[in-house]
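Commentary on secondary and tertiary structure
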Amino acid sequence: MDLTYTEEEQEFRARLREWLGKTLPELPARPSPDDWPGRRAYDLGWQRRLYEAGYAGLHWPLDAGGRGATPTQHLIFLEETERAGAPYVGANFVGLLHAGPTIAAEGTAEQRARWLPPVLRGDEVWCQGFSEPDAGSDLASLRTKAVREGDEYVITGSKIWTSHAEVADWCELLVRTDADAPKHRGISWLAMPMDAPGVTVRPLRTLAGSTEFAEMFLDEVRVPVGNRVGAENDGWRVTMVTLSFERGTAFVGEVVACRRTLAALARTARANGRWDDPVLRRRLGRLHGEFGALWRLTQWNVSESTRSGGVPGVGGSVFKLRYSHARQELYDAAAEVLGAAGGALSLEEEWTLDRLSSLSYTIAAGTSQIQRNIVAERILGLPKGR
């Protein structure tokens, strides 16, 4: 992994920084967290600006509509947009970071032509229909069934923690297409239109008061067979591709955000007198080293995904495992730094919401226990537990 920057990469950074400096002041005010139609419009409006400027799908392959940028250019883009305070992908994160890359890697030419351009242009939003109420961390035990009738699947079941279902146009959906097969071999990956008859969405309110997750009930929903990505009953393998993106590269922008938060904490500690506490200084110093190492691991994972044809490897589980806990430790430290002086910070509410959100990271995208099993079995070569 080469960590130096070429002249071309430095020019790319300068052009991007100039564009951000001109574009960000033109953005409208951010909508209220509870205004989901407004948030969808805001997030997709930002995506449209990226598309028109040539920055959408920067690291996607050329045949998927992307720019085929190098891993270093991708990382420069993430660094500069985060440092400039640019909008995150928001409601479009499933399409841009999970479903889109999966379709680019596993879809047919027709599927890529149908679904990828609207994601990149900011025309359509995707949600994720993987988890189920009774499946827990054992995703392969899902029971939502899809019975084939001619050129359609008839789907019945339910999903939970369906991200952004309330504003989504499409859902990356896992269904059981063979009830008699071993549980990992009877699953298929489908693209389901959210306006199909029989789809019911009920928002779930999180600890932070937001409703980005939902329950989803499917009552004999009909989905064309042509919407299946990969072969019938090969959905578990396709799902591993999706999860490798979710764990391997989807969090990279957040590492930059955490490093920025850590720097803000250090400044705050100096301002409010907490910097005199040697234990706190050591804690912040250790976190500085932690997130520096995570950024290097991010660079390695992004580089590795390029060498392997664009699909991240199991190293993503190493990153996701450590990042989940480091993020929680960061906001524990934030609470210690802010203390009673927290009210003096204009970002107090935002930091509080980030602290509450951090509690979910050891569960989301595969629990820490699952990540440890993956690391043990697929990286260290340890035998599977009974």
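See the structure above.
Now for a description of the structure that goes with this document. (Residues numbered from 1 in each chain as written. Predicted model: local features only at pLDDT ≥ 70, side-chain atom pairs only at ≥ 80, totals over all residues. Heavy atoms only, no water.)

Overview of the overall build of the chain
In terms of helices and strands, the chain carries eleven helices and eight strands. Buried positions account for 49% of the 386 residues belonging to the chain. Relative to all contacts within the chain whose residues are 6 or more apart in sequence, the contacts with residues 24 or more apart total 74%. (Helix = DSSP H or I, 4+ residues; strand = E, 2+ residues; numbered from the N terminus. Buried < 20%, exposed > 50% of the residue type's maximum accessible area, 1.4 Å probe, protein only. Contact = heavy atoms within 4.5 Å.)

Topic: the side chain of asparagine 92
Structurally, asparagine 92 can be placed in the loop between helix H3 (71-83) and helix H4 (93-106). Not counting residues within four places of it along the chain, the set of residues in contact with asparagine 92 comprises Leu44, Gln47, Val119, Glu124 and Val125.

A closer look at the packing of H4 against helix H5 (residues 109-121)
Interaxial distance between H4 and H5 falls to 10 Å at its minimum, and their mutual angle equals 160 degrees. Looking at the two axes, H4 sits roughly antiparallel to H5. As for how H4 packs across H5, the hand of that crossing is left-handed. Listed contacts from H5 to Gly95, Leu96, Gly100, Ile103 and Ala104 of H4 are Gln111, Arg112, Trp115, Leu116, Val119 and Leu120. Looking at the contact of H4 with H5 residue by residue, the classes come out as seven nonpolar, three polar and one charged. (Axes fitted to C-alpha atoms, helices over the stretch in contact; angles between N-to-C directions. Parallel < 35°, antiparallel > 145°, perpendicular 65-115°, else oblique. Left-handed = near helix turned anticlockwise from the far one by under 90°. Nonpolar A, V, L, I, M, F, W, Y, C, P; charged D, E, K, R; others polar.)

Focus: unusual backbone geometry
One non-glycine residue, tryptophan 161, lies in positive phi territory at about 55 degrees. Structurally, tryptophan 161 can be placed in the loop between strand E3 (152-159) and strand E4 (170-176). We classify tryptophan 161 as partly exposed; its relative accessible area is 49%. The phi torsion at histidine 164 lies on the positive side, around 60 degrees, for a residue other than glycine. Along the chain, histidine 164 turns up in the loop between E3 and E4.

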